[in-house]
Amino acid sequence: MASETTATTGHDLLVIGAGPAGYVGAIRAAQLGLGVGLVEKETLAGGTCLRIGCIPSKALLESTELWQRIRGNLIEHGIHVGTPRFDLAEMLGRQRRIVDTLGKGVAGLLEKNRVTRYTGTARLTAAGRVALDSGEEIEAGIILIATGSDPVSLPGIVIDHDRIGDSTDALEYDEVPRRLVVIGAGVIGLELGSVWSRLGSEVTVLEYLDRILPGTDAEIAAKARELFEAQGIRFRLGARVTGVATSAGAAEVQVDGSEPIRADKVLVAVGRRPRTAGLGLDALGVELDRHGAIVVDAAFQSTRPGIYAVGDVIPGPMLAHKAEEE
């Protein structure tokens, strides 16, 4: 049975997505005197960066760096701590508390600046009109799309969020995997690989290219590889992964031209794609590029007047500070 719809009018601007692009844009527009609405499907504001990206990964990097130092060179400073141990549940709990605190802080800023919040998934139905999955309809003079991005996989690899996971899964392992295979030697894969290596995992990073950290300076990437290897992370470069087979006890990562690699967990970290599916953009004539990103002009307006886009959903580096600046 179709749900009854109601139209909400009065917003000068409606922002879709409460990540670094969306909430910053909404707050600034409200400060400039616009009537602003903000749609977000998650209850916690902050987007990928805050909830399942930069912030939780950095929290774990900090915790595991302290653990590494305690186990390593403190004795050189005359600091004796006895037999150290870590509690993974407490470590993950700290990470969640940080995320929750910052998310509530974003919510407070939105409320303080009188941004009207809507919880749900949005779809553009006409110029200046958006429908939520709750059945509610919202009208606005301008629509700003800031829906972010999603992890991608490789052909032949199905992410089951058990043995084979993405970056979100790798933030919440309930125990340290004895063997972790990371597919992709970019920033995300190396950060999370470092976290679990420091806690005791045997980490192997597979990369299709002949270097790590694609897109960065080659000399810096080479030095970074030395530092990661000194921590115990193993690299196999020029490795083309063709699939992953799972069983009750483990996973086997198939690599073209070599023997499969067994692992307890597999982290697929081969990149992200703009989150544009399901927004109804095709029907409105909003042009997308071959990667699914929204094509915009210098003022971030799409090919449909009145519809703008910023952040991961448009071409360019997927970085929080870039999204905020836009």
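A brief report on the enclosed structure follows. Everything quoted here is computed from the prediction, not taken from an experiment. (Residues numbered from 1 in each chain as written. Predicted model: local features only at pLDDT ≥ 70, side-chain atom pairs only at ≥ 80, totals over all residues. Heavy atoms only, no water.)

## A short note on the sheet that holds strand S13 (residues 251-255)
Reading across from one edge, S12-S13-S14 is the order of the 3 strands in this open sheet, with antiparallel pairing throughout. Two strands lie at the open edges of the sheet, namely strand S12 (241-246) and strand S14 (261-263), each paired on one side alone. Neighbouring strand axes in the sheet, compared pairwise and without regard to direction, differ in orientation by 25° on average. Pairing between S12 and S13: 5 bridges, direction antiparallel. Pairing of Ala245 across the sheet is with Glu252, part of S13. (Pairing = 2+ DSSP bridges. Helix = DSSP H or I, 4+ residues; strand = E, 2+ residues; numbered from the N terminus. Axes fitted to C-alpha atoms, helices over the stretch in contact; angles between N-to-C directions.)

## Some thoughts on the nonpolar core
Core analysis: the biggest nonpolar cluster contains 28 residues, and Trp196, Val205, Ile212 and Leu267 have the highest contact counts within it. Taken together, the elements giving at least two residues each to this core come down to helix H3 (54-71), helix H4 (88-112), strand S9 (179-183), helix H6 (187-198), strand S10 (202-207) and helix H7 (218-230). Ranked by residues supplied to this core, first place goes to H6 with 4 residues. The contacts of Val205, once residues within four sequence positions are left out, are Val182, Gly184, Ala185, Leu190, Ile233, Arg234, Phe235 and Arg236. Of all hydrophobic cores here, the second largest spans 22 residues; its members include Ala21, Leu44, Val106 and Val310. (Core = buried A, V, L, I, M, F, W, Y, C linked by side-chain atoms within 4.5 Å. Buried < 20%, exposed > 50% of the residue type's maximum accessible area, 1.4 Å probe, protein only. Contact = heavy atoms within 4.5 Å.)

## A short note on the sheet that holds strand S15 (residues 265-268)
The strand order across the open sheet built from 5 strands is S8-S15-S9-S10-S11, with neighbouring strands paired in parallel fashion. Looking at strand neighbours, the two that pair on one side only are strand S8 (164-165) and strand S11 (234-237), the edges of this open sheet. Contacts between H6 and the sheet are confined to S9, S10, S11 and S15, with S10 contributing the most and set at about 165° to the helix.

## What to know about the pattern of salt bridges
Using the criterion set out here, one finds 14 salt bridges in the structure. Glu326 serves as the salt-bridge partner of Lys322, at 2.7 Å between the closest nitrogen and oxygen. Taken together, the salt bridges that share partners define one network made up of Arg129, Glu137 and Glu139. (Salt bridge = Lys/Arg side-chain N within 4 Å of Asp/Glu carboxyl O.)

## Considerations on the layout of surface pockets
One number sums up the size of the second largest pocket: a volume of about 330 Å³. Around the second largest pocket, the lining comprises 14 residues; the ones closest to its centre are Leu13, Gly25, Ala29, Leu144 and Glu326. Of all elements in the fold, only helix H1 (20-31) and strand S6 (137-145) reach the threshold of two or more residues within the lining of the second largest pocket. Here the element with the most residues in the lining of the second largest pocket is H1; it accounts for 4 residues. Residue classes in the lining of the second largest pocket are distributed as 11 nonpolar, 1 polar and 2 charged. (1 Å grid on protein atoms, 1.4 Å probe; cavity = no way out; pocket = protein on both sides within 12 Å on 5 of 7 lines; lining within 4 Å. Points joined across faces, edges and corners; volume = space filled by probe spheres on them. Nonpolar A, V, L, I, M, F, W, Y, C, P; charged D, E, K, R; others polar.)

## What about the packing of aromatic side chains?
For the structure shown, the criterion picks out 3 aromatic pairs. Taking 5.1 Å as the distance between ring centres and 45° as the angle between the ring planes, the aromatic pair formed by Tyr173 and Trp196 counts as tilted. With a gap of 23 residues between them, Tyr173 in the loop between helix H5 (167-170) and S9 and Trp196 in helix H6 connect regions that are remote in the sequence. Here Tyr173 matches Trp196 in class, with each residue buried. (Phe/Tyr/Trp six-rings, centres within 6.5 Å; stacked < 30°, edge-to-face > 60°.)

## Here we look at the side chain of Asn113
Mapped onto the elements of the fold, Asn113 is located in the loop between H4 and strand S3 (116-119). Residue Asn113 is classed as buried on the basis of its relative accessible area, which comes to 18%. If near-sequence neighbours (up to four positions away) are discounted, Asn113 is found in contact with Ile27, Ala30 and Gln31.

## Observations concerning the packing of H1 against H4
Where H1 meets H4, the closest approach of the two axes is 9 Å, and the angle between their N-to-C directions is 25°. Classified by the angle between their axes, H1 and H4 sit roughly parallel to one another. In terms of crossing hand, the pair formed by H1 and H4 is left-handed. Counted together, Tyr23, Ala26 and Ile27 of H1 and Val106, Leu109 and Leu110 of H4 form the full contact between these two elements. Its residues assigned to classes, the contact of H1 with H4 comprises 6 nonpolar, no polar and no charged. (Parallel < 35°, antiparallel > 145°, perpendicular 65-115°, else oblique. Left-handed = near helix turned anticlockwise from the far one by under 90°.)

## Structural notes on the packing of H3 against H6
Interaxial distance between H3 and H6 falls to 9 Å at its minimum, and their mutual angle equals 35°. Here H3 and H6 pass one another in a crossing that is left-handed. Along the contact surface, H3 presents Ser57, Lys58, Leu60, Leu61, Thr64, Glu65, Trp67, Gln68 and Arg71, while H6 presents Glu191, Leu192, Ser194, Val195 and Arg198. Its residues assigned to classes, the contact of H3 with H6 shows 5 nonpolar, 4 polar and 5 charged.

## Structural notes on the environment of Val241
Looking at the element boundaries, Val241 is found in strand S12. Overall, Val241 belongs to the buried group, its relative accessible area being 10%. As for Val241 and Val115, which are separated by 126 residues in sequence, their C-alpha atoms are 46 Å apart. When neighbours within four sequence positions are excluded, Val241 is seen to be in contact with Leu154, Ile157, Ile183, Leu206, Val253, Gln254 and Val255.

## Details of the environment of Arg211
Locating Arg211 in the fold gives a position in the loop between S10 and H7. Note on Arg211: relative accessible area 23%, which makes it partly exposed. Apart from residues lying up to four places away in sequence, Arg211 is in contact with Thr216, Asp217, Ala218, Ala221 and Leu237. Of note is the side chain of Arg211, whose polar atom sits 2.7 Å from the backbone oxygen of Leu213. (Polar contact = N/O pair within 3.5 Å; in protein donor to acceptor, adjacent residues only side chain to side chain.)

Keep in mind that these numbers describe shape and distance, not what the molecule does.
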